[in-house]
Structures are given as structure tokens and as C-alpha cells.
Amino acid sequence: MTGPTPQPPLKSLVWPMRLTLAGLWAERLARAFWPLWTLLLATLAALAFGLQDVGPLRWAQAAGAAIAILALVLLVWGYKRFRKPTVLDALNRLDTTMPGRPIATLRDTQALGVKDPTSSAVWRAHQERMAARAAAAGPVAPDLRLSSRDRFSLRYVALTAFVMAMIFGSVWRATTVAGLTPGAAVAMPGGPSWEAWAQPPAYTGKPSLYLNEITAETLELPVGTRLQVRLYGPPEDFTVAQTVAAVPAPPAEGEVTPAAAVPNAVPGVHDLTVEKSGELSIDGQGGREWLITAVPDGAPTVEVSGDMVREADGRFKQGFKATDDYGVVAGRVTISLDLSKIDRRHGLVADPESVEPVVLDLPMPRKGERTEITSTLVDDLSKHVFANLPVTMVFAVADAAGQEGTSAPYQVTLHGKRFFDPLAASLIEMRRDILWNRINAPRAVEILKAVTNLPEGFIRHDRAFLHLRVLMRDLEAKEASLTVEERDVIAEKLWKIAFMVEEGNLLSALERLKRAEDRLQEAIRNGASPEEIDQLMKEMQQALNEYMRELAEEAQRNPGDQEQQEGMQGMQMSADQLQEMLDRLQQLMEEGKTAEAAELMEQLREFMENMQIVEGQGGQGQGQGGPGQQGMRELGETLRDQQELSDDAFRDLQGVPRPGQEGQQEGQEQGQDGQNGQEPGQQEGQGGDEDSQEPGQNGQDGNQDGQGGGDERSLTDRQRELRERLDQLQSGELPGDGTEQGEEGRRNLDDAGRAMEEAEDALRRGDLDGALDRQAEAMEALRDGMRDFGEALAEEQRENREAQGGENDQFGSADPSGRDPLGREPGEDGARIGSDENMVQNDPNERAQELLDEIRRRSGELTRPLEELDYLKRLLQLF
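Keep in mind it's a predicted model, so treat the numbers as computed, not measured. Note that residues are indexed from 1 along each chain, following the sequence as it is written. Thresholds applied to this predicted model are a pLDDT of at least 70 for local features of residues and 80 or more for the giving and counting of side-chain atom pairs; totals over whole chains, interfaces and linings are not thresholded and use all residues. To obtain the side-chain values, all non-hydrogen atoms of the structure were included, while hydrogens and water were left out.

### Some details on the overall build of the chain
What the chain contains, in helices and strands, is 25 helices and 16 strands. Exposure classes here rest on a 1.4 Å probe applied to the protein chains alone. A residue is buried below 20% of its type maximum, exposed above 50%, and partly exposed in between. Burial status across the chain gives 40% buried among its 879 residues. The contact definition used throughout considers only heavy atoms, calling two residues in contact when any of these lie within 4.5 Å. For the chain, the share of sequence-separated contacts (at least 6 apart) that also reach a separation of at least 24 residues comes to 72%. Working note: accessible area of the chain is about 48,000 Å², and carbon and sulfur atoms make up 52% of it. A run of DSSP states H or I qualifies as a helix once it reaches four residues; a run of E qualifies as a strand once it reaches two. Both are numbered from the N-terminal end. Here the accessible surface of atoms and residues is derived via Shrake-Rupley with a 1.4 Å probe, and residues count as covered only by protein chains that are part of the display.

### Things to note about the sheet that holds strand β1 (residues 194-199)
In a beta sheet, neighbouring strands are held together by backbone hydrogen bonds and run either parallel or antiparallel to one another. In short, DSSP must find at least two bridges between two strands for them to pair. Pairing within the open sheet is antiparallel, and its 4 strands lie in the order β2-β1-β4-β6. In this open sheet, the two edge strands, each paired with only one partner strand, are β2 (209-210) and β6 (269-273). The sheet contact formed by β1 and β2 spans 2 bridges and is antiparallel. Bridge assignment links W197 to a residue of β2, and that residue is Y210.

### Details of a negative patch on the surface
By definition, no residue in a patch forms a salt bridge, and every one has over 30% relative accessible area; like charges are joined within 9 Å, nonpolar side chains (Val, Leu, Ile, Met, Phe, Trp, Tyr) within 5 Å. We define a salt bridge as a contact between a side-chain nitrogen of Lys or Arg and a carboxyl oxygen of Asp or Glu at a distance within 4 Å. In summary, the charge assignment counts Lys and Arg as positive and Asp and Glu as negative, without counting His or the chain termini. A charge is said to be at NZ when it belongs to Lys, at CZ for Arg, at CG for Asp and at CD for Glu. There is a patch of like negative charges on the surface, built from E217, E279, D283 and E289. Taking the relative accessible area as the measure of exposure, E279 reaches 41% and is therefore partly exposed.

### Thoughts on the nonpolar core
We call a set of buried Ala, Val, Leu, Ile, Met, Phe, Trp, Tyr and Cys residues a nonpolar core when their side-chain atoms join them within 4.5 Å. Of all hydrophobic cores here, the largest spans 55 residues; its most connected members are L427, L635 and L782. Among the elements of the structure, α8 (422-436), α9 (441-451), α10 (462-478), α11 (484-503), α17 (627-654), α21 (715-731), α22 (740-765) and α23 (768-804) are those that each provide at least two residues to this core. When residues in this core are grouped by element, the largest group, 11 residues, is from α23. Among residues more than four places away in sequence, those in contact with L427 are L448, L468, L494, I497, A498 and V501. The next biggest cluster of nonpolar side chains, apart from the first, holds 25 residues, and it includes V391, Y410, L435 and A491.

### Description of the packing of helix α1 (residues 14-48) against helix α3 (residues 87-96)
Here an axis means a line fitted to C-alpha atoms, over the contact stretch when the element is a helix, while the angle between two N-to-C directions is reported on a 0 to 180 degree scale. Running from N to C, α1 and α3 point in directions that differ by 105 degrees, and their axes come no closer than 8 Å. For the element pair α1 / α3, the angle class is roughly perpendicular. Within the contact between the two elements, α1 uses P16, M17, T20, L21, L24, E27 and R28 and α3 uses V87, D89, A90, L91, R93 and L94. The residue classification treats Ala, Val, Leu, Ile, Met, Phe, Trp, Tyr, Cys and Pro as nonpolar and Asp, Glu, Lys and Arg as charged. All others, Gly included, are polar. Residue composition of the contact of α1 with α3, by class: 8 nonpolar, 1 polar and 4 charged. Roughly parallel refers to an angle under 35 degrees, roughly antiparallel to one over 145, roughly perpendicular to one between 65 and 115, and oblique to any angle outside these ranges.

### Describing unusual backbone geometry
A positive phi is found at S153, a non-glycine position, where the angle reads about 55 degrees. Mapping S153 onto the fold places it in the loop between α5 (117-134) and α6 (154-168). Here S153 falls in the partly exposed class, since its relative accessible area comes to 29%.

### Side note on a nonpolar patch on the surface
Taken together, the side chains of F49, Y156, L159, V163, M164, M166, I167 and F168 make up a nonpolar region of the molecular surface, amounting to roughly 800 Å² of accessible area. Within the fold, L159 resides in helix α6.

### Quick word on the confidence of the model for the chain
pLDDT is a per-residue confidence score from the predictor, ranging from 0 to 100. The predicted model of the chain averages 75 in pLDDT, with 71% of residues at 70 or higher. Below pLDDT 50 for its whole length, residues 665-712 participates in 67 contacts with residues either more than four positions away or in separate chains. Counting interchain partners and residues more than four positions distant, the pLDDT-below-50 stretch residues 820-824 has 21 contacts.

### Description of α8
Expected span of a helix: the number of residues minus one, times 1.5 Å. Compared with an ideal rise of 1.5 Å per residue, which puts 15 residues at 21 Å, α8 spans 21 Å between its outermost C-alpha atoms and is within 8% of the ideal. Burial of α8 is extensive: 11 of the 15 residues sit out of reach of the surface. Every buried residue of α8 is accounted for by L423, A424, S426, L427, I428, M430, R431, D433, I434, L435 and W436. Those residues of α8 that are buried are in contact with β11 (328-337), α9, α10 and α11.

Put into C-alpha cells, the structure is as follows:
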């Protein structure tokens, strides 16, 4: 039975019930009105931070009206959702937290067996047990979680903003909202009758000033400072006078000026911007007067510092200094061509095509002050037509106020990557001429033809030579109507080919060493920078180490070669002596003693030539070697013959006589006077139909396309013989048969055979262009196959040495004393590389730590090339 106001059945439940009821009130109020109090907290935070004083008064009034309407909507929404909690709700909440719902049991009455004493006794016992359980009840905490209703946690955002406003804001600034309402001119008792603020521009980093608390008569404010004065008394009681801001001219007669265009159009509010020094005064009760000095924002300045430096990889470095009162925000450098300083010869005789100046962004520090910046511009313009030409650089920087300062024009030769290989340098020069003006294309074609006329011994990069020949055909076909897009594509290809020639892909360690020596000598003659010399020295040292290691391995593979042993005995040089010679060479270059450096370079070359003589003598005495080595030699001869055939085909395509053919041309032309009616294709290559005939038919056998150099066979016959020779090699024994490297090598030989067959068909048809492309593919496949077979052969030799075990001690070195070309003792385990001598004098752990520290130090030097930094980063990840 329930009455109008349910009461707890036990006195001990009174306070738990009241506390639970209060929790229900808090829970339902929070769920219904959380959007409203979130809006109120956010509004109070904005007012405490003075957001109402930032914009015009009309904006603040409009925002206040919108907030008021939104608050009213949220209030109605919350009222409709709110349900007033009752005592019964509190008792039910308590009852649900206890097992058996004891409160409901105590409030129930016996329905059956009232007159039965036994049933009544059982009911009383049950109620007593439930009463004891209910007596232990405690208040239930409310569930104030609103995450399901506030998915974006707006209440926490508003609460955080309110707390921050209470800490860093001002409660007094929140009271200025009273001045936003119409008729709010009367100040509240005890409050200020006026307020004023000075807000310097944000980029100055200066704080806002509350002028009510400034008692000094003079103020220094940056130009652009915003002055805001609010009057809370009757307008006639206060007068604001100022001479620091420009006063707008009065409107013309009949002209209506919008209120928004007048700074002080809102009554009681004066909004000014400091433009010059002057006075600001507030006349009236508690008025004040200040003498304001406007501090102008000076324009930023920038100047060049130091000379331009060229990095070994072609990047340039140019230092600069920039200053500003409050900090530089951005900068740029404009690079334009200095035509008056250019040597207008050769490909630069013609006027250059229109090229836009290069604009680069200056690096700005990410942290710290920017009032004084000393930095370095690092960039790579090696591919640009301006590279290595005189240019004018103009640096410019800007501050936050939009002011800009520029440096004096800086005349300098724009550093770019320099190529020390003669062929690479000529390709880059032709590339520059084409970029300079497209009318230089025919001249570039003629020069490239002359450069590639006799490539033997001059062009050592076969793949680059093939790419160059294809590019020359394209350029010659398009030289009359070369578009800008086609020019850029050809320039990019020329860059890649020149880079291939400069870097090289020489498989022989001796050839790599020769190329490194040639590049270093060329750099010495051309006066290269210290960075370039250092890079070339490292390349030569690496090539020298590889060559010496190759000699040691060759000595181990041929232990019975007495001539090589005797020759190497007289040429032993320790690693320290060799390194000392290289260090001395680098020191002489850094000191500018080029003559002494050239003399030392010649001594090093003589030493290497002696090593080459020994290597050649050893090669003569070693015989044919095993079947695998014999196959490798025959593959090398096939590749060399294929290269010679491709060169002859290219000469025929250009119409250039082959070596040894010049003396035969006149006689051939005299003997062919009666054949002038033949087609040009028959004069050069017999057109293809003649080639397809069997040898001996017509008595010619295509001799017109194959004569020269003592070889009277046709190009088609030579290509067929090379293909048949390759088939015979594939049917024989090659290194690595049955291994992964060996199978991959045979697959590459299959590709080479198919390319040779297609080249043979193209030659038979008279299609020299197509034949050259197929021959290039055949040579590429042959190189890949030889690389695979070489790896397989090295693996076989390593396995044989491991199987022989201690026998390696008997022939571990070509020197009878057991030393390698660097004078080191071999290890007891017969390893090719290594020594029983203690190469690390200190503790190995200490040495390892030193190496790790050095890697970390170098990885922290951001001026190093990106490739080196990436390599060091990978080393740190491994160790």
C-alpha cells in the first residue's frame, strides 16, 4: 500500500534515501541541461579573455544576441527532457542495489494465509531477514557519465577554457559586457567609469597593456598598436582627445558615410590605431593623459656572407645574414643570367632563349629568434642552363608587417656538378648549348658524331655509348623542328648518359682504377675545389684497394706462377705506406702545390703500371684454367666481337668509313662506275635481298656492308657467326651449372641469343636502326650473364678452398714468404682477406665503440650528402 508521499520502512534508510535522491537530481539535471551549462562556460571564458573587445561593437552585440537565443533554445530543450525525481525513485534506486530487493519486501503485506499462524510466522521471519539486509543499505552514487550524449566532449572543452580563463584571464574584463547593451552608460557603483587597452601587433611579441593601471606619463608603443577606450558614464561627462591616429576626413555635403567606416561610430567606444607619435587624453572624472612615442618597424635587411662553395656532388653553398626588429618570416633569392660576364663563344654565340630567373626559398630556422639569422643556402642547380655560368643573385627577406629588404646584386659563377671525364664533359657542354638555344642542335649533332667516330679506347662505358648513339639519331631527326618539350627530354637523356660515363660501370678493378686516376689528374689540371679533390681521392683509394685485393685473389688462384711471385717480391708496399702516399697527395692538393702533387701522382701511376705488368705476366703463365674459366673467356671474346660489329653497323648508318676502309673506297668507287644506277641501299649494304642469298651468289655475298678493317664478311654473316658461337657456348660447360646463379646466367644468354637473331634479321632487311637496338639488348644480356657466371665461379672457388682446408696454407700467397701485395701475412685459416697480425692494437670492444661513436657523429652532420646520411642511418639501425 502506497501513500501520497512514500516513506522509508526503516529509520536507518532515511539518510541513504535523501542522498540518493540528491544524486538523482544531479544526474537528471546534468543529462537535461549539459548543453546549456557548456554554452555558459564557453561564453564566460571568452568574456574573461576579452574576446568582446577584439572586434567592432556590432560584432560583439550580434554574438551576444546569438548566444542568448541559443541559450533560450537549450533551456527549453532541457526543460522538456527533465523528469523530477521522487522519493519512490530514490527507494527503487536503493532497492536495486541490494540482493532480493529488501525494501520492496518491507513495504509489502501478506496476501494469503493471514489467519494461519504458521504462514504468519514464516512471513514475519522473512521480513525480519529483509529488514536486517535493508539496514545495511548505503547511498547510491549518481551516474553522471555523458559520453553517450556528448560524443565530441564539448563539455570538457568548455570547462578547460573556463579554467584557463580564470587563471590567465581577467574577471573584470567579463564585466565589460554591460557596455554592449543600449543605455548602459551608467557605471555600476564601485566600478571604473572608463577602461582603455593597448594591443601591439601580434608579431611584435609584446604584451597587451591595461592603461588604467599605467601611471607613467609617457608610453612607447609600436606602430600599428590598437588603442581601445570604453566609456561607462554619460557621453557628455567624458571627452577623448588624441593625435596618434589619422582622423578621417568629414563627408562631403550630401554624402552619407556608413557607421562602420567611422572608427568611433559606436557611442562610448573609441577604437584607434597608432600611426605616429602624439598624445592621448581622457577628460572627465578620473581621466588620464599619456604622451605616446610611436616606435616604427624598420624594414628587414639581408646581405651575402662569404664566397660560394661547391660540394663534390654538385651542390652549392652560399651564406647570408638577415636582420629585422621583430623577426624575419620569409626569404628568397632570385638568380638571373649575367650576359655581360659570359664568354660568348662556341655554342654561346647565339642569343639565349628566354629563361625565367630561378627563385629559391631561403632556409629559415624552425626554433629560436629570427631577429638575426645567419644561415646557408644549399641547393643543386647542376641540371639548369645557368650551371657553371656567371649569374647575378639578389637576396630578399620580408617581415610580418609585409616590409621587404633586398641585398645588393651578387655576381658569381653559379656552381654546379663538374665532370672530369673528357667525354662526360663534352656531353654536358652539348647539353648546355642545346638548352641555351635550340639552333645549336645541328652543331651538337656534328660534334657528337666527331666525338664518337673512333670510340675504341676512348669510350669505356658500353651502355652509355649505346644510349648516346640512339639519342644522336633522335636528335638528328628532330634538329630542324625541335620543340621545347623534346629539347628538355633530350637534355635529361644527355645528363643521364654523361653521369653514366662519369661514374662508370667498369667491371674490371684495373679499369676502375685507371678511370679514377684519369679523373683525379683532370681535376688537378682544372683546379678543382678541396671538396671535389677529397671525393676523387676517396674514389681512387677505393679503386686501388679493390685492385690490390683482386691481385691477391689472383695470386691465390695461381700459386705456381713463379714469374708473378718474383715480380711481386720487389713491389711490396705496406698499407700504411700506401695510405701515407695518398694522404701526402691530398695534402699537396689542399696546399695548392699542384706541381708536386702531379709528380707524386706520376710515382703512384708508375707503381700501378708495374703491378699491371706483373698481372699480365701472371696471366700468360696460368694456362687455360678450368672449363668454367675457359667459358668465361670465350664469353668475353663474344661480347667484344659483338661490340665491334655494333660499332661497324653504326659507322655504316652514319656513312663514316670504318678503320682501314678509307684506302679501299677509291678503288671500289672506280670499279663500280657501271653500278651507278643501283639504289643507295645497295651501295651501302646491298639492300637486304642480296644478303639473304647464300654465300657465293652474285659473287658479292653482301661485301659492301662488311668490308673494312680486313674483314670482308657481311654484317649479317658476322652476326650469324656470333649467334652460332653463343649457341656452342651454351651447349658446353659453364660456371655454376645446377645453381641459381648459373641458371640465371643461362637465361640471360638465351635472351642474348634471341636478340642476336633479331639483329641478324634486321641486318638482312637493311634495317640498321633496328639492328643497333637489338645488338644493344644482346650486349646487355651478355653482360648480365657474365656477371651471374662470375658470381657462380667465385662461389665454386670458395667452396673448393673450404673443402681443401689446411692445404690453402701452402699457396695462400704468390709471395714465397706468404705476403700479399700490401705486405700482410695471411691468416692461418687460409682466408683470402685477413691477417694473423693484430690490425686493431686496442681492445676490440673499445675499437667497436669508437667506430659506433664516429658513425653517430657523422650522421649528425647535416651538411654531408644525403646518400651518405642514409647509409649511416642504416648502419645505426643494424648496430
